[in-house]
Amino acid sequence: MRTAFRGSVFHCIADPGEQDSEDAFVYFDDGLLIVEDGLVVELGKADELTESLSADTRIEDFSGKLIVPGFIDCHVHYPQLDVIASYGEELLDWLHRYAFPREMRFADEAYAHKVAALFVDELLKNGTTTALVFGTVHPHSADAIFEAAAAKNMRLIAGKVLMDANCPEALRDSAETGYEQSRQLIERWHGKGRLGYAITPRFALTSSEAQLEAAGRLAAEYPDVWVHTHLAENHAEVEQISRLFPWSSNYLDVYDRFGLVRERSVFAHCLHLQDAECRLLAGSGAAAAHCPTSNMFLGSGLFDLRRLRELQIRVGLGTDVGGGTSLSLLKTMREAYKVLHLQQQPLPPGRALYLATLGAAQALYLDDRIGNFEPGKEADFVVLDPAGTSISAHRSALAESISELLFALIVLGDDRNVAATYLQGRRA
Ligand code: GUN
Ligand code: ZN
């Protein structure tokens, strides 16, 4: 059964760069997105494609609204819905004071399932159709988020956290149990439907060398699973890394020593990097997740997009809830704009959208399946409503170009501007 979605349609086919090169995106003011069996068949001008539609094609009319690819969140912690909006600390104090105590509650399996279901609903409400997600140390925390995502047919990558050092006893696994639990979860979930597994050492501060070694062994045994961790978020963190791993030449070297820097490795934050670390990220095919709301909230620092993209390092956006303050990638895009503005770097609207869609798909090595509307890709998309709030309605009515409209949505938008979210052509 074919469905044709009519409305304004915008997607990126490459990185538009700092000048928002028009060659990098495609826009139809009155477009038609044709979907069959969950995949994109064709995208074009409505007046050109409408005639050729077969009689049984269903039309869903979103005229006056903007259809864009589903948003992709490259770094978020679902258990930290319990931590979001906790006042006043930098990373390491924040972890011990807020994050760790709240993550203990996920020892309760029923509780994990309840929060996982809420989390997935909130992602979809915000137009997020794919996410790379931290659980807690408890293996059932991963089961809970995978089950919640599978129930919605959402594309989602997650993992149970590995941590066996510098954290409360109640949140510790060990090198052996962490390895074995992760291996079982990979076997249970990786590649099942739209789900994927990420080996998830929290960060090098909370893993022994034995645990990092076990994680690296797993990463070698399962080359197509993801590796997901944090890197160089905070000055005190970086300083402690050099004391705990005195043999290392820099922070990323610790992960690299254990085989954790490779394609499908995603490092959240990447704020305080040496040149050698940037070169290793680039050469290995690993990716950085830029999490602006978190970086501002925890006072961590400013992400240097220009420096990383000049080396062609893969970059996607992450909300990093609960260090981050919102699950909305619209809000995350506008904070990225501000973070870059503070460094005299432009972030035009097409490129902001790229970082939340195709760029993120490239960061996750999923761009053969998602990220834009090329024929054959999975039809995950968001219908944005410029009139979602009275202010966005007022401002967007004055927009004279798609760039202006998109920028208004990025600066003013939130879940009220998400009219609908579609997963493989079906409304979520
Ligand atoms: N580094 C290690 N754990 C965390 C976490 O939970 N949140 C953030 N923002 N950084 C981390
Ligand atoms: Zn994080």
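J.: Looking at this structure, I do not really get the overall build of the chain. What am I missing?
T.: Secondary structure assignment for the chain yields 16 helices and 16 strands. Over its C-alpha atoms the chain spans a radius of gyration of 21 Å, differing by no more than 12% from the 22 Å that the globule rule assigns to 428 residues. Oriented by its inertia axes, the alpha-carbon framework of the chain measures out at about 65 × 45 × 40 Å. In the chain, 76% of the contacts between residues at least 6 apart in sequence involve partners at least 24 apart.

J.: What is the right way to look at the side chain of Thr3 in this model?
T.: Relative to the helices and strands, Thr3 resides in strand β1 (residues 2–12). Of note is the side chain of Thr3, whose polar atom sits 3.3 Å from the side chain of Arg58. When residues no more than four places from it in sequence are discounted, the contact partners of Thr3 are Leu33, Ile34, Val35, Thr57, Arg58 and Glu60.

J.: Is there a simple way to explain the coordination of the zinc ion (ligand 2) in this structure?
T.: Six octahedral donors around a metal ideally sit at 90 or 180 degrees from one another, while four tetrahedral donors ideally sit at 109.5 degrees. Distances from the zinc ion (ligand 2) to its protein donors, namely His75 (NE2), His77 (NE2), His230 (NE2) and Asp320 (OD), fall within the range 2.0 to 2.2 Å. Written as a sequence motif, the donor arrangement for the zinc ion (ligand 2) is H-x1-H-x152-H-x89-D. Here the residue His77 occupies a position in strand β5 (residues 71–77), and Asp320 occupies one in the loop between β13 (314–317) and α12 (329–341), the gap between them amounting to 243 residues. Just as His77 is buried, Asp320 falls in that class too.

J.: Please explain the side chain of Arg202 as it appears in this structure.
T.: Mapped onto the elements of the fold, Arg202 is located in the loop between β9 (195–201) and α6 (209–221). Setting aside residues up to four positions removed in sequence, Arg202 forms contacts with His77, Gln80, Leu95, Ala99, Phe100, Glu103, Phe134, Val161, Leu162, Met163, Thr229 and His230.

J.: Hey, could you run me through the sheet that holds strand β16 (residues 426–427) in this one?
T.: Two modes of strand pairing occur in sheets, parallel and antiparallel, and in both the strands are linked by backbone hydrogen bonds. Strands sit in the order β3-β2-β1-β4-β14-β15-β16 across an open sheet of seven strands; the sheet is mixed. Each having just a single partner strand, β3 (39–45) and β16 make up the two edges of the open sheet. By the bridge criterion, six bridges tie strand β2 (residues 25–36) to β3 in an arrangement that is antiparallel. Counterpart to Ile34 in the pairing with β3 is Glu42.

J.: Teacher, can you tell me more about the nonpolar core here?
T.: Generally speaking, soluble globular proteins have nonpolar side chains that are buried together. Core analysis: the biggest nonpolar cluster contains 111 residues, and Phe71, Tyr78, Phe119, Leu156 and Tyr255 have the highest contact counts within it. For this core, the element with the highest residue contribution is helix α3 (residues 109–125), accounting for eight residues.

J.: Could you clarify how one ought to interpret the packing of aromatic side chains in this entry?
T.: Aromatic ring pairs: the centre-centre distance and the angle between the two ring planes describe each pair. Applying the stated rule across the entire model yields 17 aromatic pairs. Aromatic pair Phe373 and Phe381: ring centres 6.3 Å apart, planes at 80°, arrangement edge-to-face. Considered together, Phe373 and Phe381 belong to a single accessibility category, that of buried residues. A network of ring pairs unites the aromatic residues Phe5, Phe62, Phe373, Phe381 and Tyr422 as a single cluster.

J.: Would you mind showing me how to read the site of ligand 1 here?
T.: Looking at ligand 1, there are 13 residues lining it, with His77, Gln80, Arg202, Glu233 and Asp320 nearest. In this structure, a nitrogen atom belonging to ligand 1 sits 2.7 Å away from a side-chain N or O atom of Glu233. The separation between a nitrogen atom of ligand 1 and a polar side-chain atom of Asp320 is 2.8 Å. Considered on its own, ligand 1 offers 280 Å² of accessible surface; in the complex 100% of this is hidden by protein. Sorting elements by how many residues they give to the shell around ligand 1 places helix α2 (residues 91–103) first, with three residues. Considered class by class, the residues forming the shell around ligand 1 number five nonpolar, five polar and three charged.

J.: How should the environment of Glu60 be read in this particular structure?
T.: The topology assignment puts Glu60 in strand β4 (residues 58–69). Among the polar contacts made by the side chain of Glu60, one reaches the side chain of Arg58 at a distance of 3.1 Å.

J.: For this particular structure, what's the right way to read α6?
T.: Residue pairs three or four apart in sequence face the same way in an α-helix, which turns once every 3.6 residues. With 13 residues, α6 should reach 18 Å at 1.5 Å per residue; the first-to-last C-alpha distance of 18 Å fits that figure. Three or more residues of α6 are buried, namely Gln211, Leu212, Ala214, Ala215, Gly216, Leu218 and Ala219. Against the buried residues of α6 lie β8 (161–162), α5 (175–189), β9, β10 (226–231) and α8 (251–257).

What counts, and at which threshold
Residues numbered from 1 in each chain as written. Chains lettered and ligands numbered in written order. Predicted model: local features only at pLDDT ≥ 70, side-chain atom pairs only at ≥ 80, totals over all residues. Heavy atoms only, no water. Helix = DSSP H or I, 4+ residues; strand = E, 2+ residues; numbered from the N terminus. Rg over C-alpha atoms; globule rule 2.2 N^0.38 Å. Contact = heavy atoms within 4.5 Å. Polar contact = N/O pair within 3.5 Å; in protein donor to acceptor, adjacent residues only side chain to side chain. Donors = N, O, S within 2.8 Å, 3.2 Å for Na, K, Ca; no water. Buried < 20%, exposed > 50% of the residue type's maximum accessible area, 1.4 Å probe, protein only. Pairing = 2+ DSSP bridges. Core = buried A, V, L, I, M, F, W, Y, C linked by side-chain atoms within 4.5 Å. Phe/Tyr/Trp six-rings, centres within 6.5 Å; stacked < 30°, edge-to-face > 60°. Near = heavy atom within 4 Å. Areas by Shrake-Rupley, 256 points an atom, 1.4 Å probe, with all protein chains shown as cover. Nonpolar A, V, L, I, M, F, W, Y, C, P; charged D, E, K, R; others polar. Expected span 1.5 Å × (residues − 1).

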